[in-house]
Amino acid sequence: QVQLVESGGGLVQPGGSLRLSCAASEFDFKRADMSWYRQAPGKEREWVATIDTYGNANYAHSVKGRFAISRNNAENTIDLQMNSLNAEDTGMYYCNSPYEGSRFAWGQGTQVIVSS
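Residues numbered from 1 in each chain as written. Predicted model: local features only at pLDDT ≥ 70, side-chain atom pairs only at ≥ 80, totals over all residues. Heavy atoms only, no water.

Chemist: I'm lost on the side chain of Arg71 in this one. Help?
Modeler: With respect to the helices and strands, Arg71 occurs in strand S7 (residues 67–72). Despite its burial, Arg71 pairs with no opposite charge, the nearest such side chain being Asp33 at 4.8 Å. In terms of polar contacts, Arg71 uses its side chain to reach the backbone carbonyl oxygen of Ala32, at 2.4 Å. A polar contact is formed between the side chain of Arg71 and the backbone oxygen of Asp52, at a distance of 3.2 Å. When near neighbours in sequence (up to four residues on either side) are disregarded, Arg71 contacts Phe29, Lys30, Ala32, Asp33, Met34, Ile51, Asp52, Thr53, Thr77 and Ile78. (Helix = DSSP H or I, 4+ residues; strand = E, 2+ residues; numbered from the N terminus. Buried < 20%, exposed > 50% of the residue type's maximum accessible area, 1.4 Å probe, protein only. Lys, Arg positive; Asp, Glu negative; His and termini not counted. Salt bridge = Lys/Arg side-chain N within 4 Å of Asp/Glu carboxyl O. Polar contact = N/O pair within 3.5 Å; in protein donor to acceptor, adjacent residues only side chain to side chain. Contact = heavy atoms within 4.5 Å.)

Okay, here's the thing in structure tokens:
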């Protein structure tokens, strides 16, 4: 069974940057579109960004211009570079398929806290 493992979160000051990474056992990310999601405390999980197999990316309006999703084929990871972070970016970040019928079990996520 595929296990998704997110990493790279932490505590960062407003305006700072973090780089998240998503790894998977038993799955080649090159074969699939993949997305990042996040869930803020007390809120529903929301979509953040998607990268397709050609490297084309789409972003939620709230992160466009600040976040960049990418593939590291050598490491078989899906990465999310997050810049100009603000308090509204605080939450647990997850990766998974953008298609509900193709989703893996959700990983544990990686916590991002933006605070001074």
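That shown, we press on.
Chemist: Hey, could you run me through the nonpolar core in this one?
Modeler: Generally speaking, nonpolar side chains in soluble globular proteins are found buried as a group. With 26 residues, the main nonpolar core has Trp36, Leu80, Met82 and Tyr93 as its most contacted residues. Elements with a contribution of two residues or more to this core: strand S3 (18–25), strand S4 (34–39), strand S5 (45–51), S7, strand S8 (77–82), strand S9 (91–96) and strand S10 (110–114). Those residues within four positions of Tyr93 in sequence are excluded, and the remaining contacts are Glu6, Leu20, Trp36, Tyr37, Arg38, Val48, Phe67, Leu80, Met82, Gly109, Thr110 and Val112. (Core = buried A, V, L, I, M, F, W, Y, C linked by side-chain atoms within 4.5 Å.)

Chemist: Quick question: what am I supposed to make of the sheet that holds S8 here?
Modeler: Two pairing modes exist for strands in a sheet, parallel and antiparallel, and in both the strands are linked by backbone hydrogen bonds. Ordered by their spatial adjacency, four strands build an open sheet running S1-S3-S8-S7, and the pairing between neighbours is antiparallel. Both edges of this open sheet fall to strand S1 (3–7) and S7, since each of them pairs with a single strand only. Between one strand axis and the next, the sheet turns through 20° on average, direction left out of account. Of the pairings in the sheet, the one linking S3 to S8 comprises six bridges and is antiparallel in character. What sits directly across from Ala23, in S8, is Thr77. (Pairing = 2+ DSSP bridges. Axes fitted to C-alpha atoms, helices over the stretch in contact; angles between N-to-C directions.)

Chemist: Please explain the pairing of S9 as it appears in this structure.
Modeler: For a regular strand, side-chain orientation follows a simple rule: the groups alternate between the two sheet faces. Among the six residues that make up S9, five are buried, leaving the element largely enclosed by the rest of the structure. Pairing analysis gives five bridges linking S4 to S9, with the strands arranged antiparallel. In the sheet register, Gln39 faces S9, and the bridge partner there is Met92. In this structure, S9 lies alongside S10, joined through three bridges in antiparallel fashion. Pairing of Met92 across the sheet is with Gln111, part of S10.

Chemist: Would you mind showing me how to read unusual backbone geometry here?
Modeler: A negative phi angle is the norm for most residues apart from glycine, just as the trans form is the norm for most peptide bonds. Despite not being glycine, Glu26 has its phi angle at roughly 60°, a positive value. Position of Glu26 among the secondary structure elements: in the loop between S3 and S4. Residue Asn76 is not a glycine yet carries a positive backbone phi of 55°. With respect to the helices and strands, Asn76 occurs in the loop between S7 and S8. Asn76 gets classed as buried once you look at its relative accessible area, which sits at 18%.

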